[in-house]
Each structure stands twice: as C-alpha cells, then as structure tokens.
Amino acid sequence: MATVELRFSALPEHVRTARLVAAAVARRAGVDEAVLDEVRLAVGEACSRAVGLHRSNDVAAPITVMLIEDEKKFSIEVGDEVPGTPVGSVPGVQGADGEPDGAESAADEAEDEMGLAVISGLVDDVEVSSTETGGVIRMSWPTVPDPVLP
Amino acid sequence: MDLSLSTRTVGDRTVVDVGGEIDVYTAPKLREQLVELVNDGSYHLVVDMERVDFLDSTGLGVLVGGLKRVRAHEGSLRLVCNQERILKIFRITGLTKVFPIHTSVDEAVAATD
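My aim in this report is to walk through the structure given alongside it, one point at a time. Source: prediction; values computed, not measured.

1. Quick word on the overall build of chain B
Consideration 1: Across its full length, chain B carries 4 helices and 5 strands.
Consideration 2: Per-residue burial over chain B gives 54% buried out of 113 residues.
Consideration 3: For chain B, restricting intrachain contacts to residue pairs at least 6 apart in sequence, the fraction spanning at least 24 positions comes to 67%.
Consideration 4: Taken as a whole, chain B presents about 5,200 Å² of accessible surface, with 48% of it coming from carbon and sulfur.

Right under this line is the structure:
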C-alpha cells in the first residue's frame, strides 16, 4: 500500500497541492534536501501531463498520485485514466478517436513532450507505461539511511 | 503562492517582473501578459525571473511562445535569472541556446546582439 495516496480532479489548480504533498512526504521519507526541488518539479510535470490528458480526452475521473516509501527509496506513481496514451508519438498526430489535428493539439503535445523531457532530464529512475486502462509515470529517488524525523 | 506580474519601461525595452510560481495553473496569466504587450507594440521584452520560485515546462512553453511572437516583429525576449534551480530547467531542455539569459536587468536592457 502507498504511504500516502492522493486523488484530485483533473484541474490545473490542484497540481500545486500535489507538488506540496509529494515534497512533504519525500522529505519525511528521507529524500536528500538537495533533491526535493527535483521531486517537486518532476511530480508537477507528471501531474500537469495527466491533467492535460484527462482534459483533452474528456475524462472525468481523478488523477491518482501514489507516494511510496520503501527501505532504500522513495517512489512516486502518477496515474492517468486515458487508455493507451501514445508516448513519444509523432507530434500533432492524434489517436484513433478522430480528434482534430489542429495547431492547438500540436502545441499541447509539444508541451507534453517538453514535460517528459524535463522529467527524464531530472530523474535517473523513471518509467513511463501505458495500458488499456491508463498511463503511469513511475519515478524513484534514493533515501538516506536515517531520516531526520520532525 | 500565486503568480505576480508587473511591467515597466526602460528605454526601448519593456521589463516584465515575474514573481511566484509559474506552472500549469498560472502560466496562462503570463501568456496573456506577453500577448498583450506584443499586441500593444512592445517587441523588446526583458522577463525578470529573479523572484520566480518555481517554473515548469508549461512556463517554458509560454516563454517560447512569447519569443516567437516578438520575433515575428523582429523583436527580442531576454531573460534575467541567477537562480540555479531555474537555470537547470533551461539547461535540461536545451533552451539556454534559445534564450539570451542575463544576470541583471541592466545587462539585459543594455544588450544589443
């Protein structure tokens, strides 16, 4: 079970909340203070991407963020409920749902790609997967042996 | 923290002071500000990011959009930033090659290249 699980409506204003919660749990889990900025940014990017996907696909379900504390690492899983999201697909080309291939969708995808570029540039251990039920971005960071408890 | 925006004119440049967090929620406000400036004929912009606490790819996208707009009028968009955590995001995405990044507003305003 996740140490902390967060579910929020796919609205941009909640992404900041997810960043704050993730950083707080990461700090408690013993993630190095110097890395917390990266955790905050990476989880923000993953959540922004998920919010964008839900909104552009009219998915009413919430975004799920799992914050998982293990012995030696701290993991974050950000899940969306948009099936089979193409990762690294040709920009501007939409899936088989007949979405118009307008300039706006191309811009959205360019932004989406930049978000993934930031995540992969920041996080060494990252995995992006997609299934019939939705996509998940998994990221993890090492924790220091004896976290300072509040 | 929300986004704070203010503009001032220095010579032929318009300086946009940005403070707070630029993310998926607040970036549209920055986009509106840049669009408005360009529509009003300000084509040489300096975006001062010294008081920005957080910047994500949505914010980067808005800055790139602003750059495209001013370039369409043969203008310029320069950034002022000394914060390592913000500069890092520009480096990761390769945007240090796209934006002139200065250490002070004075330097950005004086730049002519």
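2. A word on the pairing of strand E3 (residues 44–55) of chain B
Residue and element names in this part refer to chain B.
Consideration 1: Sheet topology places strand E2 (residues 13–22) next to E3; 8 bridges connect them, and they run parallel. Within the sheet, the bridge partner assigned to Gly19 lies in E3 and is Arg51.
Consideration 2: For the crossover from E2 across helix H1 (residues 27–39) to E3, the handedness is right-handed.
Consideration 3: Tracing the backbone out of E3, into helix H2 (residues 57–71) and back to the parallel element strand E4 (residues 76–80) gives a crossover that is right-handed.

3. What about the packing of aromatic side chains?
Consideration 1: Scanning the model with the defined rule gives 1 aromatic pair over all chains in all.
Consideration 2: Look at Phe90 of chain B and Phe99 of chain B: their rings are 6.0 Å apart centre to centre, the planes differ by 85 degrees, and that puts the pair in the edge-to-face class. In terms of burial, Phe90 of chain B and Phe99 of chain B fall into one category: buried.
Consideration 3: The residue whose ring lies beneath Arg19 of chain A is Phe54 of chain B, and the NZ or CZ to ring-centre distance is 3.8 Å.
Consideration 4: Lying over the aromatic face of Tyr25 of chain B, Lys29 of chain B brings its terminal NZ or CZ to 5.1 Å of the ring centre.

4. Let's talk about the nonpolar core
Consideration 1: Among the nonpolar cores identified, the biggest contains 64 residues, and Ile76, Val78 and Met139 of chain A together with Met49 and Phe90 of chain B are the most heavily contacted of them.
Consideration 2: In terms of residue count, helix H2 (residues 36–56) of chain A provides more of this core than any other element does, 9 residues in total.
Consideration 3: The contacts of Met139 of chain A, once residues within four sequence positions are left out, are Ala42, Val43, Ala46, Phe74, Ser75, Ile76, Val78, Ile119, Val123, Asp125 and Val126 of chain A.
Consideration 4: Core analysis: the second largest hydrophobic core is formed by 6 residues, Val15, Val80, Ala108 and Val109 of chain B among them.

Conventions and cut-offs
- Residues numbered from 1 in each chain as written.
- Chains lettered and ligands numbered in written order.
- Predicted model: local features only at pLDDT ≥ 70, side-chain atom pairs only at ≥ 80, totals over all residues.
- Heavy atoms only, no water.
- Helix = DSSP H or I, 4+ residues; strand = E, 2+ residues; numbered from the N terminus.
- Buried < 20%, exposed > 50% of the residue type's maximum accessible area, 1.4 Å probe, protein only.
- Contact = heavy atoms within 4.5 Å.
- Areas by Shrake-Rupley, 256 points an atom, 1.4 Å probe, with all protein chains shown as cover.
- Pairing = 2+ DSSP bridges.
- Right-handed = clockwise from strand over helix to strand, strands pointing away.
- Phe/Tyr/Trp six-rings, centres within 6.5 Å; stacked < 30°, edge-to-face > 60°.
- Lys NZ or Arg CZ within 6 Å of the ring centre and 35° of its normal.
- Core = buried A, V, L, I, M, F, W, Y, C linked by side-chain atoms within 4.5 Å.

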